[in-house]
Each structure stands twice: as structure tokens, then as C-alpha cells.
2 protein chains.
Amino acid sequence: MAPSGKTDPDRLSQVFFAPQSVGLIGASDTPTRPPGRPQAFMKRDGFAGRVYPINPRRETVQGDRAYPSLGDLPEVPEHVYILLNTEPAMVAARECFAAGVPTITLLADGFAESGHEGGALQAQLIAEAKAAGTRVLGPNCMGVANLNTGFTCTTNATFHDHYERGGRVGLISQSGGMMGSVMSRATALGVRFSKVAAVGNEADLGVGEIGEMLAHDADTDVILLFLETLREPERMAAFASAAHDAGKPVITLKLGRSSVGQALAVAHTGALLSDDAIADAFFRDVGIMRAGMVEGLVEAATLCAGRRPTAGHARKVGVLTTTGGGGASVCDQLALAGVDLVIPSDATLAEIRKTGIDVKKGPLTDLTLAGSAAHFVQPAIEAMASDPDCDVVLFAVGSSSRANPPEATAPFLAADTNGKPLGVYTVPDAPEALRLLVAAGLPAFRTPESCADAMRAFSRWRAPRVRSLARVAAHDAVGRTLDEHASLAMLSAAGVPTVESVELTLSEVDGVKLPFAYPVVAKVLSDQVPHKTDAGGVVVGIGDATALADAAKSIKANVERAHPEVVVDRILVEPMIEGLQEVLLGYRNDPQVGPVVTIAPGGIMVGLYDDKAVRLAPIDETTAHEMIAEVAGLAPIRGARNLPKGDIASLAQALVGLSMLANADNALVLEAEANPVIVGRDRVMAVDALVRVSD
Amino acid sequence: MAPSGKTDPDRLSQVFFAPQSVGLIGASDTPTRPPGRPQAFMKRDGFAGRVYPINPRRETVQGDRAYPSLGDLPEVPEHVYILLNTEPAMVAARECFAAGVPTITLLADGFAESGHEGGALQAQLIAEAKAAGTRVLGPNCMGVANLNTGFTCTTNATFHDHYERGGRVGLISQSGGMMGSVMSRATALGVRFSKVAAVGNEADLGVGEIGEMLAHDADTDVILLFLETLREPERMAAFASAAHDAGKPVITLKLGRSSVGQALAVAHTGALLSDDAIADAFFRDVGIMRAGMVEGLVEAATLCAGRRPTAGHARKVGVLTTTGGGGASVCDQLALAGVDLVIPSDATLAEIRKTGIDVKKGPLTDLTLAGSAAHFVQPAIEAMASDPDCDVVLFAVGSSSRANPPEATAPFLAADTNGKPLGVYTVPDAPEALRLLVAAGLPAFRTPESCADAMRAFSRWRAPRVRSLARVAAHDAVGRTLDEHASLAMLSAAGVPTVESVELTLSEVDGVKLPFAYPVVAKVLSDQVPHKTDAGGVVVGIGDATALADAAKSIKANVERAHPEVVVDRILVEPMIEGLQEVLLGYRNDPQVGPVVTIAPGGIMVGLYDDKAVRLAPIDETTAHEMIAEVAGLAPIRGARNLPKGDIASLAQALVGLSMLANADNALVLEAEANPVIVGRDRVMAVDALVRVSD
């Protein structure tokens with residue numbers, strides 16, 4: 001046995017996914033009850049290893065000899081599934097630790113997901129496991145299955161279905177129920193699995209470490225994840241990196257795209273709440289594709305298997321059809337999902353027209369019903385695949401896919417697309433055609449929405465930009481907020497151009513000589529007034545020294561009325577800065593994934609729209625420009641609608657500078673926000689800032 | 001025969017959907033070829049009427065006696081389907097007109113969808129039909145089917161499937177291919193149809209008129225529409241109104257939510273391009289629900305059948321589950337779709353806890369696997385249905401729906417929800433359970449996305465606000481643009497508060513005495529400079545008379561450099577207006593649906609986001625307030641994040657005033673836009689405007 005936490009990875013993968021011997025503590029004689037299922041499933045599926053039901057109250061379980069205890073077995077099993085409730089499960093786990101069982105899985109709930117007391121019990125369990133050198137899956141876990149060997153060591157009711165062997169898709173799920181959703185829908189499409197694992201509470205073995213096993217698994221080509229939260233992002237980044245190196249795409253479906261979904265994920269898993277945009281940035285930066293729906297996830301598996309991410313540009317899709325309405329439906333969804341469509345070149349169209357079908361130039365090449373025979377379809381596909389602009393071919397096929405699946409799918413199977421993926425969306429419900437296509441290795445799509453979902457993930461897929469995460473702040477760090485003057489100074493030091501400003505005590509205001517010209521802005525200076533404008537603490541357009549003195553009095557009176565506990569003794573005076581647009585630049589040491597950097601429209605636009613670019617920090621200038629380009633609300637300073645262009649180069653440099661707070665010597669910064677940053681034609685300037693540092 | 005265009009509606013509906021005798025001109029002996037299909041389908045489906053294949057080259061067609069021509073039939077058929085190509089189809093149509101056939105359908109393409117020449121041919125066809133008193137379906141049309149009588153008079157390949165009788169859902173489709181998509185997917189769910197029609201080019205009989213037949217049809221409870229464009233909105237409004245009065249929900253799926261989809265719809269149908277938000281406003285205002293995906297459309301049919309729109313509030317959904325991940329998935333999608341979820345009251349939770357299952361308070365009531373037996377599920381549903389906040393109950397059911405459909409669905413069938421809809425989403429792929437539920441009249445949902453799509457449509461459903469459309473401007477009206485001074489004057493007359501302004505010739509500027517104080521804004525005044533700011537034609541913050549004179553010179557120089565063809569001789573001077581936010585108010589006499597009114601964020605935010613409220617004009621104040629409330633980007637002036645509230649009452653009045661341009665005496669106005677309208681704490685003021693009037 002390897003020492004605690006350092007099990008040899010190959011050995012771990014073997015005992016986890018392919019053990020020779022399995023103990024089932026608490027096995028039930030009823031094969032349909034959860035504690036009876038693993039034994040029944042393994043028997044049905046022809047598992048060749050040794051299975052030991054352990055149940056002190058019975059001579060036999062499901063017709064097999066039962067053992068009273070672990071100690072009565074003829075050997076120490078490589079993998080034990082403990083099927084008992086919380087308290088007896090703890091007793092059984094300790095027996096496994098004492099016996100030197102290398103891996104155990106626990107079905108019982110009542111651990112961290114149930115609250116503080118359960119959390120303490122779970123911590124105790126894992127501490128003892130580590131000391132003993134036993135690795136733990138769960139608790140609160142439906143188990144693991146190797147579908148190619150019949151090691152179906154799971155209580156998941158989805159395995160009442162018998163899944164066919166020969167699959168090459170791996171699946172890891174934080175939800176047992178959603179594992180059934182993914183697997184049953186994959187099965188309807190003919191997508192088969194190699195190895196699957198539910199992770200339950202992920203107290204020890206988690207998505208990242210199991211993912212690494214699959215990244216190195218010879219039977220697995222592509223890895224799917226169903227996630228409710230991110231529990232071990234560092235390990236997930238390492239797994240994504242390993243999968244990339246092994247040429248295995250990873251695609252995730254993660255709950256919590258809405259705030260309601262986020263809150264439910266928190267309630268359901270006991271995990272921390274993070275902004276979904278941060279999860280999105282994490283996946284993108286470590287090279288994991290993200291789907292938005294179960295069928296999109298499953299369909300993406302076939303689309304992505306054996307493929308590599310693009311270096312730079314988003315993949316473009318060339319769409320063909322024989323049925324205009326169906327083709328337009330899928331184009332509409334692709335466009336809504338932000339997927340770029342190919343407008344075929346004149347040469348491509350000329351090639352297609354050689355078949356005798358006169359097609360129009362546009363984002364949908366409609367061969368019409370007249371062009372639905374194979375001798376039109378196949379050359380049209382091959383012509384589209386030869387278009388230099390086309391990265392993926394998609395064909396929307398009509399009623400023939402339902403009426404005559406073998407004939408309708410033949411041209412897709414025969415087409416030579418020069419290595420480019422050829423996907424097929426069936427306009428009617430055509431399950432048989434979908435299965436024929438998938439069986440031949442072609443991506444097949446059941447609905448326009450799932451097609452767009454999978455294509456979107458694939459088209460945006462990038463290689464890992466980040467291979468290991470920067471350190472993560474303590475989860476409970478509240479920190480200390482700096483006042484605006486100190487905040488601006490810190491941002492300035494980080495390389496964000498900031499407005500010149502003068503800090504004045506109220507007694508200094510009368511007759512003060514400013515180092516810049518009027519008109520100016522005066523603001524209350526305090527770390528206790530978060531909403532300065534609302535409190536009457538900001539006066540703009542101050543034209544001269546007298547007006548400045550009046551403004552100072554007004555600010556003191558207003559703020560002290562709004563916040564009776566605050567004594568206003570200082571103001572900050574800045575020149576009025578004009579520009580083209582207000583922008584927000586943000587930095588945050590996120591409790592889940594560590595430092596991230598953000599850009600979004602600023603000023604009163606903050607928070608109005610879900611429109612921002614987020615990346616793991618630090619970033620380089622190329623990434624900064626990419627971020628600026630992807631925020632819809634920054635179109636004005638990018639020069640849209642003939643508007644004057646802003647100083648994008650300086651804005652990118654400021655963003656890079658802010659992201660460098662992620663470097664070790666700035667570990668104190670929990671959060672830094674410059675808003676608004678005024679972007680002008682030839683400069684950018686932060687005029688307000690808020691920095692929170694660790695105490 | 002009734003005179004042209006005035007066929008008695010009952011008689012029309014009878015000859016259209018339930019004729020006693022049918023002629024098939026160009027019937028083919030091959031039952032699988034399109035011209036052979038109607039005869040084969042009607043025979044298979046047991047149509048009791050008389051069917052006459054007409055084919056001069058054959059003695060028999062598909063074993064039935066064939067007739068050489070229409071004139072050889074023993075009677076004039078009530079309905080003739082012309083299955084010939086364009087030119088012979090015209091000949092056959094003329095024979096039908098001469099014989100007094102009441103309704104014909106044309107399969108041939110080559111009419112308006114093919115371009116100008118085909119358009120002229122179509123106009124000729126319809127003119128002759130009207131003169132003869134014959135009603136026309138198509139051309140370019142796959143036909144019509146009455147599924148309860150076997151009158152399957154269609155060439156649509158989807159009818160190679162035999163659809164069961166007994167359905168009560170009507171369907172009208174502008175795309176033959178998408179009719180197959182909708183019907184096949186409905187069939188998979190067990191949803192059956194009463195009467196369906198493809199409309200092809202809608203040259204005569206269109207969605208509106210056929211919809212009216214279904215609104216009055218005793219066999220139809222709910223009406224689905226697949227649309228690519230809006231061809232006869234006045235008639236559709238009348239149909240929607242009739243359907244509402246008859247208690248029949250109407251739900252549409254319309255292509256063109258993306259700009260790519262819009263362009264394709266235009267290319268595919270030859271129809272006009274309209275902004276999708278205008279189509280959305282149209283559907284909402286006439287009381288038609290809008291789905292976004294095929295399965296959402298089909299699932300909404302069962303959800304809405306027999307229901308009425310709400311008077312005011314959006315319906316709230318109370319979600320229960322036994323499988324946390326699956327329940328959270330559907331909640332996530334519902335929230336993303338903007339559907340409000342019920343947080344059950346303490347009394348509701350207490351009632352559920354009486355079963356012995358301890359549930360947490362939140363937007364998802366998770367009974368957990370422990371609560372999956374019927375004696376937990378049924379009372380939990382009934383408790384949720386009793387919650388005063390709950391309008392719809394939704395249950396996310398787990399693996400049992402796949403493993404044991406009758407047992408899993410039993411508590412849903414037994415539950416008494418006090419008349420509130422009870423929907424079920426099956427987390428795994430569970431087609432049998434879905435069919436059991438639908439057969440029992442319960443709405444059942446295959447995916448979280450389709451569930452959210454249907455629920456969104458249902459929750460926002462309103463009674464018709466508009467029962468007949470205002471007149472529509474000529475399609476080709478380009479009109480004449482007024483200069484800013486005249487535009488502001490027209491808006492002011494309409495009731496939109498506008499900034500005070502002075503029009504000056506350049507020779508008047510020196511030494512002018514303004515009726516308002518400095519600082520002021522000066523702008524070039526011309527109807528030939530659309531982008532004044534970009535042309536250097538606007539100077540803001542002018543502090544005194546000297547600066548004004550300088551500004552006038554600078555404007556002249558800049559604009560004449562940017563637009564060498566323009567001579568600048570006038571400027572407009574306005575006071576500087578400060579406020580909280582810039583808003584756009586717009587009015588347009590849309591070529592498709594007539595007058596509409598819009599509100600959106602203004603200034604540089606225009607067009608950045610798909611965020612506006614649109615309604616058919618005119619509107620009342622209640623509707624204006626509803627519009628202001630639904631624009632996300634107007635949150636600042638609504639007082640979000642403690643920001644100072646704007647003068648919403650005056651803004652609403654201005655919007656009502658603008659919408660009154662729809663009244664007959666303002667028929668000249670094609671378009672009127674006030675942008676920006678500055679919204680302050682206690683006033684609103686349009687400071688720029690553009691009005692286009694009919695010549």
C-alpha cells in the first residue's frame with residue numbers, strides 16, 4: 001500500500017475503475033433496492049472479478065454466499081462499497097481502514113451536505129482514511145461503473161437499463177440523478193460510455209483526480225462532466241491540462257447559469273457561491289468546453305472526439321439543407337448562440353451548382369427538395385468542406401431521415417470532408433437516423449437548440465491558457481476597504497492611469513491653490529461612505545475657488561445627514577475628465593478559482609446587463625484585447641456606428657496592469673475596482689476606485 | 001357559390017377542411033412520390049368522401065379509376081389539389097375557376113417565392129380566382145389534412161407516418177418541412193392533431209383566415225402556428241381575437257429571432273424584413289403566445305389547452321422534485337427564461353412536512369429520494385397547489401419515470417391541484433411516462449429547456465390588448481426627413497416635452513440675445529447631416545456669446561469639410577440639460593404591423609443591447625408604465641441600487657403622447673425618434689429628434 005494521499009496513479013486507477021475483488025458491505029437480497037443493486041448489476045453485466053456480499057444477517061444474498069464481516073473474506077478486496085446508513089457506515093469504513101482496503105465508496109448521506117455536524121463527521125472520516133492510506137469516493141455517493149468490464153458498482157437506478165459495451169466516452173457527475181439524465185439521453189442517441197463515476201460529496205477523490213484517471217485511460221476518448229459547483233479547481237486545471245496533452249476533449253455542463261440556479265447549487269452541495277461568469281472564465285482558460293443543456297453535452301461528445309482546439313479564430317459552420325424551414329431554424333439558433341456561419345465562396349457555390357441545383361449565396365445553402373438525392377447531397381457537402389472559410393459542415397436533413405434512415409444517411413457516411421467534422425441535424429424526430437450516424441462516428445443533433453449548444457462550445461474551444469491556478473485567498477477573508485485616495489494610489493502603482501487628485505482637510509479648502517485648472521469635482525473622502533453620490537457626497541462642475549468652498553460645506557452637511565455616525569473631515573478634489581465612454585476594470589481574488597480580472601461597461605451601466613469579459617489573472621495584452629473585443633457594451637469605443645474610437649491600447653495595458661495584482665507580492669489585494677475609468681480618444685483614466693485588502 | 005372573397009365562413013371551412021368530394025389533378029400512380037401521396041394517404045386513413053384522380057395518361061391511378069380531365073368527373077369537386085408543375089398548374093387552375101370549384105390547393109412552386117416574374121404570375125392567378133369565386137391555398141403548398149376524418153389531402157412526407165385520430169390540436173405552418181418537425185415531435189410525446197394546414201405562399205387563404213376556421217372548429221381546443229413571416233397581420237389579429245373569445249389558446253413559433261434568421265426568412269419567403277421585437281410586440285398585444293423551440297411549442301399545447309390568460313401578473317411556478325440535480329436544472333432554465341418561481345409559504349411547507357419529509361424553504365422543494373413514494377409526492381403537490389402564490393405546479397421526476405412509468409406517474413394523475421396546471425419534467429429520457437401523462441391531459445416536458453420555453457410563454461400570456469390593427473403605411477414609403485427644429489416641434493405638439501431651442505442663421509449669431517442662460521449647446525441644423533456629432537456639427541458647454549460665435553464658425557467649417565455637398569447656414573441653440581439618464585422614445589409606422597411605439601436606453605447605449613419595450617400604438621398610461629418597467633437598462637431611473645429616481649410619470653406620459661401619432665390625423669408620420677430624452681428627477685426633456693413624414 002502506498003503512503004497516504006500518494007497512491008501510484010496507475011494503481012489507483014486500477015483499484016478504482018478495474019478492481020479484481022469487490023466487497024459490498026450491507027448488500028441487500030432485493031436486487032431493485034439501492035443496497036441490492038451493485039451486486040445485481042455486476043452479475044447481469046458479467047463482471048469477471050470476485051464480488052463479496054457482506055451481511056451478517058443472511059447466509060446468502062441474491063443467491064451468492066454472504067459473509068458476516070470484512071474480516072471473514074478470503075482476501076482484502078481492492079474496492080469496497082459501503083451501503084449502510086451514516087453511523088454503521090462509519091463503523092464499516094474504520095474496518096476497511098484497519099484492513100488496508102485501498103478504495104472505498106460510501107452511499108450514506110448525513111455528512112457535509114447536511115450541515116455542520118455532518119461536516120465534522122466527514123472531516124473525521126477523511127482524516128482517518130488518509131492516515132490509513134485508503135482513498136474514499138463520496139460519501140453521499142452512487143458509485144462508479146466500468147461499462148466495458150461489467151464493474152457496475154453503483155446504486156444509481158439508471159443502471160436498471162443495461163448499457164452496451166464498447167463506449168469511449170467518460171462521465172463524471174456531481175449529481176446521481178443527472179448522471180441518469182445524461183446517460184439515458186446519450187443512449188437514445190447511441191452514444192455509449194467507457195467509465196462513469198458519481199462523486200457525491202467529493203470529500204477525497206474528486207472530479208479533478210478522477211478526470212486525470214480518464215485522461216490517461218486507454219478506453220476513453222472524450223470526457224463529460226456534470227457539475228453543480230467547483231470544489232477543487234486546482235486539481236481540475238491539472239486534469240484539463242493532462243486531458244489536453246492526451247488529446248482528449250473535456251466538456252462540462254454546469255448548473256448555476258441563473259442566480260436561482262447558483263443559489264440552489266449552494267444549498268444542494270454546501271459549496272461556495274461564485275459568479276457564473278467566473279466559472280465560465282475558469283473553464284475557458286483551462287481548456288474545458290462548456291455546454292448549456294444535457295443533449296448539447298451528449299451531442300458535443302461525438303462532435304469533439306478526436307478533435308483539437310483551434311489556435312485563434314472561432315470555428316465557422318457551413319450549413320446545407322434540403323428543407324428551407326428546417327435549415328433556417330438551425331441557422332437561427334446557431335446565430336443566437338453566437339456561432340459564425342460560413343457564406344460560401346463563389347467557387348464553392350459554382351462547385352455545388354455543377355450538380356444541377358441552383359443554390360443562392362448566403363448563410364444557408366438550400367438544395368431544396370429537388371436536391372435531396374444522394375448524388376446532389378454528397379458533392380454539395382464535399383464542396384462546402386473544401387471552402388477555406390468552413391471549419392465544420394452541418395446538414396439539416398428533412399423527412400427522409402424519418403421515413404428511410406439508411407438511404408437518407410448514406411450520403412453523409414460516404415462524404416469525404418477532408419477531415420472536417422460533418423454534423424447532421426434531423427428536422428423531424430428521427431431517432432434511428434441519429435443512431436446510424438453516431439454509430440458511424442458522425443455527430444448527430446436532435447434539435448436546433450442542442451445543435452447550437454454543442455457547436456457553440458466546439459467553435460469557442462481553446463487550448464489551456466492557464467495550466468495551474470494562482471493561490472486562492474482564504475475563504476473567509478473579509479478584509480479592509482481603503483479610502484478612494486489610497487485606492488487610486490494602489491491602482492496607479494499597478495499601472496492603471498489614474499486621475500490627478502488632491503486630498504484636502506476641510507480647513508484647507510478656503511483659498512487653496514490647486515495644481516490643475518477648474519472646473520473640478522469634489523468628493524467626500526472616507527472609507528465609511530460606500531455610495532458617495534447617493535449620500536450627496538459628490539459635486540461636479542465646480543467652476544472656481546468660491547464654488548469649491550461652498551461644495552465642501554454642502555458635502556459635509558449632506559453626508560453627515562445621510563450617515564449620522566460619520567464625521568466628514570476630508571474631501572478629494574479632481575479635475576473634470578471628459579471622454580467617450582465609462583468602463584469598469586475589476587480584479588478579484590475569487591475564493592474558488594483565485595485571481596480573476598474583469599472588464600465591463602462602467603458608470604450607471606454597471607450591473608444592468610450580463611455583459612463582461614472575465615479571465616483568470618494574470619493576463620497578457622493579447623488576452624486583454626480579446627476581452628475588450630468580446631464585451632458588447634464597449635462597441636462605442638471600438639468605433640461602432642462611426643463613433644470616435646477610444647484609446648484601446650492604453651485600456652488593454654491598464655487591464656494587464658490590474659491583472660498583475662495576482663503576482664505574489666500583491667497577495668494582500670482581495671478586490672480592486674476602478675469605476676469609472678474614462679476612456680478618451682488618446683488616454684484612459686480611472687477617476688474612482690475601491691480596493692479591499694487582506695487584514 | 002358566394003361572391004368573390006365573401007364565401008360564407010362555415011361553408012368555406014367545410015369545403016376546405018371537410019369536403020365531400022376531392023379532385024387530384026396530376027395524381028401519380030406511385031404512392032410515395034409527392035403527386036401520389038394525397039390519394040395514398042386518404043385511402044390509408046379511411047377518408048369517406050369521394051376522391052377523383054385526374055390523369056389523362058392513365059386508365060387507373062393506384063388502382064382507382066382515373067379521369068382524363070376535371071370536366072369528365074361526375075360532379076364538381078368541393079376541393080381540388082393541383083399536383084402539376086407551374087405552367088400546367090395554371091392551366092388546371094383556370095379549369096377549376098371555369099367549373100366553379102370552391103377551393104383549390106396548388107403544389108407548384110415558381111410563383112412569388114421565386115422572384116418578380118413568379119410574383120406577377122401569382123397575382124394573375126389570384127385575380128382570376130377572385131373573379132371566379134374560388135379560394136386558393138398556396139401556391140407552393142403541401143396541402144391540408146383533417147386527421148379526424150382521413151381527409152389527408154397533403155403531399156407532406158410527414159404523413160408517411162399514420163397519425164392517430166382523436167387529437168384536438170390545430171396546426172398551421174408556413175413551412176412544409178417544419179410541419180413534419182412539429183408533428184413528429186408531438187407524436188413522440190403523444191400529442192395528436194385535429195386539423196393541420198400548410199399555407200405555402202399564402203396568396204389567398206392565409207394563416208389568419210384558416211386560424212379563424214380553427215377558432216370556430218368544434219374539434220379544436222388549441223392552435224399552434226409555425227411562422228417564418230407575418231403576411232396578413234390584420235387578419236391574424238382578428239383570428240387571435242376570435243380564438244380568445246372562443247377560449248382557444250394560440251401559440252406560435254416564429255423564425256427570425258436572430259438577424260441571420262430574419263434574413264433567411266426574407267430570402268425564403270420573399271416577405272418584408274421586420275425587427276423581431278416588433279413581431280414579438282404584435283403577438284403579445286393580440287394575445288398570441290410565443291414559444292422559442294419546437295418542443296416548447298408542442299409541450300405548451302397541453303399546458304395551455306383549456307386555460308385563459310391572466311389579467312395582470314405573470315404566472316408563478318412552484319417546483320417540486322425528488323432528485324436535487326434534476327430539479328435544480330429545471331429551476332436554472334426557468335430562471336434564465338425569466339419565469340418567476342414560488343417560494344412556498346411557511347404554511348405550505350408545514351403541510352408538506354406533515355408527510356414526514358423535512359423540506360427546506362426555497363425555490364425548489366426537494367422531497368429527496370426518501371420522499372419519492374406516492375404517499376409523499378401526492379400530498380406535497382396538493383400542498384404546493386394550495387399555496388396562494390402558486391399558479392402552476394411543476395414536478396421534476398427522477399429515474400422511476402423511466403424504470404416504472406405507470407407507478408411513477410400515478411401520483412400526478414391522482415393529485416387534486418384545485419384546477420391549477422400540474423406539469424411534469426422527466427429528468428431521464430422517459431418517453432413512456434411522457435405519453436402516459438399527456439394522455440391523461442397533464443402537460444409533460446422532455447427537457448428543462450423546452451419546459452422553460454413553454455412555461456415562459458404561458459406565464460406571460462395576456463388577453464388581446466389590440467383587437468384590430470391601425471392602418472399600415474405603404475410598403476415603399478421612403479418619405480422626407482424633417483430637420484431637428486421641425487422634428488422637435490412635431491414631438492412637442494404630440495405631447496413629448498422638448499428642450500427650448502432657438503434657430504439662428506449664421507449671420508444672426510453675433511451678439512444674439514438668447515431667451516435662456518449659458519452654458520448652451522449649438523448644433524448644425526440641416527436635414528442632410530444624419531450624424532451631426534461625427535461630422536463635428538455639435539459643440540457643447542458653450543459659456544458665453546463669444547464662445548457661441550466661435551462655435552458657429554467651427555460647426556460650419558467641420559460639417560462642410562465632412563459633407564462637401566452641404567452648405568451650412570443655420571444652427572440650433574439649446575440650453576445644456578442635465579439629468580439622470582438618457583432614453584430613446586421611438587414611433588414607427590411599421591410596414592408589416594402598422595404603428596408601434598418603443599422605449600429603450602438612449603444616447604451611446606442605443607443598439608448595444610437587445611433591450612427595449614415595443615407595443616402596437618396607441619397605448620395608454622398603464623401600458624407605458626409596463627413598458628418602462630420591462631426595460632432592464634432603465635433600472636437606474638427606476639431607482640435601482642439606491643440611485644435617484646427619475647420622473648417616470650412624465651416619461652410615461654411622453655410615451656403615450658408619442659404613441660398617439662398613430663391616430664388618423666397623424667397618418668403622415670412614418671417614423672419619429674426622440675433621442676436622447678433626458679430623464680431628470682422631476683422632468684423629462686427631448687433634446688434631439690428625428691421625424692420622417694410621408695411625402
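This text goes with the structure placed above it.
To start, this report covers the structure provided alongside it.

About the cut-offs
- Residues numbered from 1 in each chain as written.
- Chains lettered and ligands numbered in written order.
- Predicted model: local features only at pLDDT ≥ 70, side-chain atom pairs only at ≥ 80, totals over all residues.
- Heavy atoms only, no water.
- Helix = DSSP H or I, 4+ residues; strand = E, 2+ residues; numbered from the N terminus.
- Buried < 20%, exposed > 50% of the residue type's maximum accessible area, 1.4 Å probe, protein only.
- Contact = heavy atoms within 4.5 Å.
- Areas by Shrake-Rupley, 256 points an atom, 1.4 Å probe, with all protein chains shown as cover.
- Lys, Arg positive; Asp, Glu negative; His and termini not counted.
- Charge placed at Lys NZ, Arg CZ, Asp CG, Glu CD.
- Pairing = 2+ DSSP bridges.
- Axes fitted to C-alpha atoms, helices over the stretch in contact; angles between N-to-C directions.
- Phe/Tyr/Trp six-rings, centres within 6.5 Å; stacked < 30°, edge-to-face > 60°.
- Least-squares fit on C-alpha atoms with pLDDT ≥ 70 in both.
- Parallel < 35°, antiparallel > 145°, perpendicular 65-115°, else oblique.
- Left-handed = near helix turned anticlockwise from the far one by under 90°.
- Nonpolar A, V, L, I, M, F, W, Y, C, P; charged D, E, K, R; others polar.
- Buried area = accessible area lost by both parts, 1.4 Å probe.
- Salt bridge = Lys/Arg side-chain N within 4 Å of Asp/Glu carboxyl O.
- Polar contact = N/O pair within 3.5 Å; in protein donor to acceptor, adjacent residues only side chain to side chain.
- Expected span 1.5 Å × (residues − 1).

Moving on to the overall build of chain A. In terms of regular secondary structure, chain A is built from 21 helices and 31 strands. Across its three principal axes, chain A shows a C-alpha extent of roughly 100 × 75 × 35 Å. Per-residue burial over chain A gives 59% buried out of 695 residues. Long-range contacts, defined here as pairs at least 24 residues apart, represent 71% of the contacts in chain A between residues at least 6 apart. Summed over its atoms, the accessible surface of chain A is roughly 25,400 Å², and 51% of this surface lies on carbon and sulfur atoms. Side chains of chain A give 60 positive and 81 negative charges; the mean places of these two sets differ by 4 Å.

Turning our eyes to something else, we now look at the pairing of strand 22 (residues 502-505) of chain B. All names here are of chain B. Only one face of strand 22 is buried, namely the one carrying Val-502 and Leu-504, since none of Glu-503 and Thr-505 on the opposite face is buried. Pairing geometry for strand 22 and strand 25 (residues 570-575), over four bridges, is antiparallel. When the bridges of strand 25 are listed, Leu-504 appears paired with Ile-571.

Our focus in this paragraph is the environment of Gly-118 of chain A. All names here are of chain A. Here Gly-118 lies in helix 4 (residues 116-132). For the pair Gly-118 and Thr-86, spaced 32 residues apart in sequence, the C-alpha separation works out to 9.4 Å. Contact partners of Gly-118, with chain neighbours within four places excluded, come to Gly-110, Phe-111 and Ala-112.

Here we come to the sheet that holds strand 1 (residues 21-25) of chain B. Residues and elements named next belong to chain B. Strand order in this open sheet of five strands is 2-1-5-6-7, and the pairing throughout is parallel. The open sheet has two edge strands with one neighbour each: strand 2 (50-54) and strand 7 (135-137). Ignoring which end each strand starts from, the neighbouring axes of this sheet average 20 degrees apart. Of the strand pairs in this sheet, strand 1 and strand 5 (residues 79-82) are connected by four bridges, and their pairing is parallel. Opposite Val-22, over in strand 5, you have His-79 as the bridge partner. Packed onto the sheet, helix 1 (residues 9-17) meets strand 5, strand 6 (103-106) and strand 7 and runs at close to 45 degrees relative to strand 6.

Here we take up the packing of aromatic side chains. One pass over the full model with this rule turns up 17 aromatic pairs over all chains. Both rings, one in Phe-458 of chain A and one in Trp-461 of chain A, keep their centres 6.2 Å apart while their planes meet at 40 degrees; by these two values the pair is tilted. A single burial state applies to Phe-458 of chain A and to Trp-461 of chain A, both of which are buried. Where Phe-47 of chain B meets Phe-151 of chain B, the ring centres are 5.5 Å apart and the plane angle is 45 degrees; that geometry is what we call tilted. Taken together, the positions of Phe-47 of chain B in the loop between helix 2 (37-44) and strand 2 and Phe-151 of chain B in strand 9 (residues 151-154) put the pair 104 residues apart, joining distant regions of the chain. Joined through ring pairs, the aromatic side chains of Phe-41, Phe-159 and Tyr-163 of chain A make up one cluster.

What follows concerns the relation of the copies chain B and chain A. Once chain B is rotated about the relating axis by 180 degrees and shifted along it by 0.1 Å, it coincides with chain A to within an RMSD of 0.2 Å. The superposition operator between the copies reduces to a two-fold rotation axis. No C-alpha of chain B lies nearer the rotation axis than that of Tyr-609 of chain B, which sits 4.1 Å from it. Of the interface residues in chain B, 100% have counterparts in chain A that sit at the interface too, so the contact is made through matching surfaces.

All names here are of chain A. Two numbers describe how helix 13 (residues 374-386) lies on helix 15 (residues 405-414): the axes approach to 9 Å, and their chain directions differ by 30 degrees. Taken together, the axis directions place helix 13 and helix 15 in an arrangement best described as roughly parallel. Along this stretch, helix 13 crosses helix 15, giving a crossing that reads as right-handed. Across the interface between the two elements, Ala-374, Val-377, Gln-378, Ile-381 and Glu-382 of helix 13 pack against Pro-411, Phe-412 and Ala-414 of helix 15. For the contact of helix 13 with helix 15, the residue count by class is six nonpolar, one polar and one charged.

A few words on the sheet that holds strand 6 (residues 103-106) of chain A. All names here are of chain A. What the five strands build is an open sheet, ordered 2-1-5-6-7; its pairing is parallel. A strand with exactly one partner marks an edge of an open sheet, and here the two such strands are strand 2 (50-54) and strand 7 (135-137). The mean angle between the axes of side-by-side strands here comes to 20 degrees, regardless of whether they run parallel or antiparallel. Where strand 5 (residues 79-82) lies against strand 6, four bridges are found, and the strand directions are parallel. Residue pairing in the sheet places Ile-82 in a bridge with Leu-106 of strand 6. Against the sheet, helix 2 (residues 37-44) touches strand 1 (21-25), strand 2 and strand 5, its axis set at about 150 degrees to strand 1. The strands touched by helix 3 (residues 86-99) are strand 1, strand 5 and strand 6; relative to strand 5, the strand with the most contacts, the crossing angle is about 170 degrees.

This paragraph deals with the interface of chain B and chain A. In this complex, chain B contributes 71 residues to the contact, which on the side of chain A involves 71 residues. Together chain B and chain A conceal approximately 5,400 Å² of surface at their shared face, both sides included; 59% is due to carbon and sulfur atoms. Viewed at the interface, chain A and chain B are joined by four salt bridges. Put simply, Asp-161 of chain A and Arg-402 of chain B hold a salt bridge, and the shortest N to O gap is 2.3 Å. Across the contact surface, chain B and chain A share 26 residue pairs in polar contact (both at pLDDT 80 or more). Counting only elements with at least two residues in the side of chain B that touches chain A, the list comes to helix 5 (176-189), helix 8 (259-269), helix 10 (294-304), helix 11 (324-336), strand 17 (364-366), strand 19 (422-426) and helix 21 (635-638) of chain B. In terms of residues, the side of chain B that touches chain A owes the most to one element, helix 11 of chain B, which gives ten residues.

Residues and elements named next belong to chain B. For the pair helix 1 and helix 6 (residues 207-215), the least separation of the axes is 10 Å and the interaxial angle reads 100 degrees. It follows from the interaxial angle that helix 1 and helix 6 lie roughly perpendicular. Together, Leu-12, Ser-13, Phe-16 and Phe-17 of helix 1 and Glu-209, Ile-210, Met-213 and Leu-214 of helix 6 make up the contact between the two elements. Across the contact of helix 1 with helix 6, the residue classes break down as six nonpolar, one polar and one charged.

All names here are of chain B. In this model, helix 5 (14 residues) spans 20 Å end to end at C-alpha, consistent with the 20 Å of a helix rising 1.5 Å per residue. Counted residue by residue, helix 5 has eleven buried out of 14 residues, so it is predominantly covered. Buried within helix 5 we find Gly-176, Met-178, Met-179, Gly-180, Ser-181, Val-182, Met-183, Ser-184, Arg-185, Ala-186 and Leu-189. Where helix 5 begins, the side chain of Ser-175 points an oxygen toward the backbone nitrogen of Gly-177, at a separation of 3.4 Å. A positive phi of about 85 degrees marks Gly-190, the residue just after helix 5.

Bear in mind that shape data such as this cannot, by itself, settle questions of function.
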